[in-house]
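# Structural features, examined
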Amino acid sequence: MASQTLYDKLWAQHLVTQRDDGSALIYIDRHLLHEVTSPQAFEGLRLAGRKPWRRDANLATPDHNVPTTLKERSAGNAGILDDVSRIQVETLDANCESFEIEEFRINDERQGIVHVVGPEQGATLPGMTVVCGDSHTATHGAFAALSHGIGTSEVEHVLATQCLIAQKMKNLQVRVEGKLGLGVTAKDIVLAIIGRIGTAGGTGYAIEFAGSAIRDLSMEGRMTICNMAIEAGARVGLVAVDDHTIDYLKGRPFAPTADQWPAAVEAWRDLVSDDDAHFDKIVELDAAEIEPQVTWGTSPEMVANVSARVPDPTDANDETVTQGMNRALEYMGLSAGQKITDIQLDKVFIGSCTNSRIEDLREAAKVAKGRKVATNIQLAMVVPGSGLVKRLAEAEGLDRIFVEAGFEWREPGCSMCLAMNADKLGAGERCASTSNRNFEGRQGYGGRTHLVSPAMAAAAAVEGHFVDVRDYDYDPGNNMGRADAGEMSA
Amino acid sequence: MKKFERLQGLVAPMDRANVDTDLIIPKQFLKSIKRTGFGPNLFDELRYLDEGYPGQDATSRPLNPDFVLNQPRYRGAQVLLARRNFGCGSSREHAPWALDDFGFCVVIAPSFADIFYNNSFKNGILLITLDEATVERLFQATEATEGYRLDIDLEGQRVITPSGEAFPFEVDAFRKHCLLEGLDDIGLTLEQSGAIRDFESRHRPSNPWLFRDA
Ligand code: SF4
């Protein structure tokens, strides 16, 4: 057989039928659901008198609308004060019940952001196809699972048929070689990649992240990178299977049973691109040159090194780009030439499906330990990605470090990543955020978002403005650790 | 899904690149459990001067007079002319639902984001990709000529200007067929149930750990 990329292999292994016109029917192994993009799909099924094709392929949890304060959370769904939000969560519960789909409800300890929950449960496995009505489904590609976001019509299609109508994408390899500097993390790698190729650079491609710097990353770090593939325009981000992948999964609740394990591992070992596989495009980055990154604009590609200055729109040699930069600077209340480290902040958000896993919280806690949130910061919050991450963090004492430093320690959910619940920015407020999108209004109407790594966010909270964590006195782990699988099982 | 008919659509210009789905329909409107009613909140943050929330009566809100779709000359527009990477960001299908509910059935741009592209076709909205130079010319013509309309011929895969100039465009055969016939994807796929079951009977023995119903 001709050499194949990892993506080619995954595609071929799930091809049900290939149509003459280039589209194909692809089989879906895992379908994750949350409350925002599923109600209309369930309604569609009901109206057409259809049933889910395979109930056990589905797993649901509410995440976008759930409150993150303990007071509200302890009341369960009744604690969601916004009626419209509460109805949406209740609708998910009712749909899962009537269609007999497994759901981790609001106060189940396994509840959390769907892209944290899937891997943590081992519900995301190498060699799977994983879909979810959410663009950050690319996250699961860190496990060499072919994963992408779908719309609500497709959610309904997958529920009804266990398949998706898809077209094969092209192959893009992003190779990051070398060693990262201390204090530079997976988040900085992916922001640097987006800065290089742009928010449409990956459109039409499945990106495989490769190279020694990617292999050195823990699964958490790889998830951070794949999570933001969509911010480079690619629906799919992938990392090949290696020992990190296999070690992470062992013992997780949905992982293969002990008697299936050896066969599964053997099958997974093949989930790598062949040596001479053909990529339509290759992009290379030198890990040693990557600095901590900070976005300054309203698109993730508007990103700069922490040591740099806000760029000058007149330097762009494209009218549309200059216009976009001017509009972004106006919205962000920044001016060209300003030093990134002079940007003063109002709020800090550590959380989201990009950076709310245990390792992210450990990194942020190392910076926060023994320090205090600056007085100009009105709110610094840490929102763990799931109930299990929260429990593990508390067992390690991270919550106490944060609280003593002046951070709020919250209940799991999407929270201020997109501000569908009560956690949001006010107009003009400026936030250092570990999330993935800095679009206008993303974190609240008129709110200004700067995307950074967890360590950079924590340092910004302490100083009140951006600082280079590399100059900071703490012990960076560089995303090398791994969460203990056993402790993550409920 | 309704059939896509040839139309002579009034064109409205949206002159900015990377229009993301948060801009097309802000998240507070995603709380609805319905598919309809998103039209009044299309481009909400650009269209109104205040912050919108679900369930509000949009007719009493202050309009942003500078926003293009608020100009009387573009009232009733069916064709949206846009810049590169239109629809980037989230997978929310509320974006095409809002465009459709507002009355748009065609968007023309130099490029579109992938998920948005899929979602639009599944809701009967035709996305037409034309090169940057052509799109630029159409922007100029639209802005220069009040009441500027384009003839959208999906069958013949052409956009025809009032002066008779035709720009051909690509669209994949399956999507075109579904749009023209107003076909429901799910029904079509279920016709292949046999093939899906055959696939499962091969897939299960080699990956038993993917099936938890045993
Ligand atoms: S954390 Fe943010 S990006 Fe991730 S699923 Fe939730 S809302 Fe979407």
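Small disclaimer: the values here were computed from a predicted structure and weren't measured.

The next point concerns the packing of aromatic side chains. With the rule as written, the count across this model stands at 15 aromatic pairs over all chains. When the ring of W261 of chain A is compared with that of W268 of chain A, the centres are 5.6 Å apart and the planes differ by 90 degrees; the resulting orientation is edge-to-face. Note that R61 of chain B overlies the ring of Y48 of chain B, its terminal NZ or CZ placed 3.8 Å from the centroid.

Before going further, it helps to examine the confidence of the model for chain B. With 100% of its residues at a pLDDT of 70 or more, chain B shows a mean pLDDT of 94. Across the whole predicted complex the pTM is 0.91, and at the interface the ipTM reaches 0.92.

Let's shift gears to the environment of L154 of chain B. Residues and elements named next belong to chain B. Following the sequence through the fold, L154 ends up in the loop between β5 (149–153) and β6 (158–160). Residue classification places L154 among the buried positions, given a relative accessible area of 2%. As a C-alpha pair, L154 and H177 span 23 residues in sequence and 9.8 Å in three-dimensional space. Excluding residues within four positions of it along the chain, L154 makes contact with F4, L126, F169, V171, K176, L179 and L180.

This next bit is on empty space enclosed by the protein. Under the criterion given, the structure shown has seven cavities of 30 Å³ or more. Each pocket or cavity is described by its volume, and for the largest cavity that value is around 220 Å³. For the lining of the largest cavity, the residue count by class is nine nonpolar, 10 polar and five charged. A volume near 80 Å³ is recorded for the second largest cavity. Lining of the second largest cavity is provided by T199, T203, I230 and G233 of chain A together with G87, C88, G89, S90, A113, D114, I115 and F116 of chain B. Tallied by class, residues from the lining of the second largest cavity come to five nonpolar, six polar and one charged.

Glancing now at the interface of chain B and chain A. Taken together, the contacts link 60 residues of chain B with 79 residues of chain A. A combined buried area of about 5900 Å² lies between chain B and chain A, and 56% of that area is made up of carbon and sulfur atoms. When residues of chain B are sorted by the area they lose upon contact with chain A, K31, W209 and R212 of chain B head the list and together hold 14% of the total. Of the charged contacts, one joins D22 of chain B and R442 of chain A as a salt bridge, the two residues approaching to 3.4 Å between their closest N and O atoms. At the level of secondary structure, the elements contributing two or more residues to the side of chain B that touches chain A comprise α1 (21–24), α3 (94–102), α4 (114–121), α6 (173–181), α7 (185–190) and α8 (193–206) of chain B. Of all the elements, α8 of chain B adds the most residues to the side of chain B that touches chain A, at eight residues. Taken together, the residues of the side of chain B that touches chain A sort by class into 20 nonpolar, 15 polar and 25 charged.

For G426 of chain A, the location among the structural elements is in the loop between β17 (408–409) and β18 (430–433). Remark: the alpha-carbon pair of G426 of chain A and N77 of chain A, spanning 349 residues in sequence, is separated by 25 Å.

About the criteria used
- Residues numbered from 1 in each chain as written.
- Chains lettered and ligands numbered in written order.
- Predicted model: local features only at pLDDT ≥ 70, side-chain atom pairs only at ≥ 80, totals over all residues.
- Heavy atoms only, no water.
- Phe/Tyr/Trp six-rings, centres within 6.5 Å; stacked < 30°, edge-to-face > 60°.
- Lys NZ or Arg CZ within 6 Å of the ring centre and 35° of its normal.
- pLDDT = per-residue confidence, 0-100.
- Helix = DSSP H or I, 4+ residues; strand = E, 2+ residues; numbered from the N terminus.
- Buried < 20%, exposed > 50% of the residue type's maximum accessible area, 1.4 Å probe, protein only.
- Contact = heavy atoms within 4.5 Å.
- 1 Å grid on protein atoms, 1.4 Å probe; cavity = no way out; pocket = protein on both sides within 12 Å on 5 of 7 lines; lining within 4 Å.
- Points joined across faces, edges and corners; volume = space filled by probe spheres on them.
- Nonpolar A, V, L, I, M, F, W, Y, C, P; charged D, E, K, R; others polar.
- Buried area = accessible area lost by both parts, 1.4 Å probe.
- Salt bridge = Lys/Arg side-chain N within 4 Å of Asp/Glu carboxyl O.

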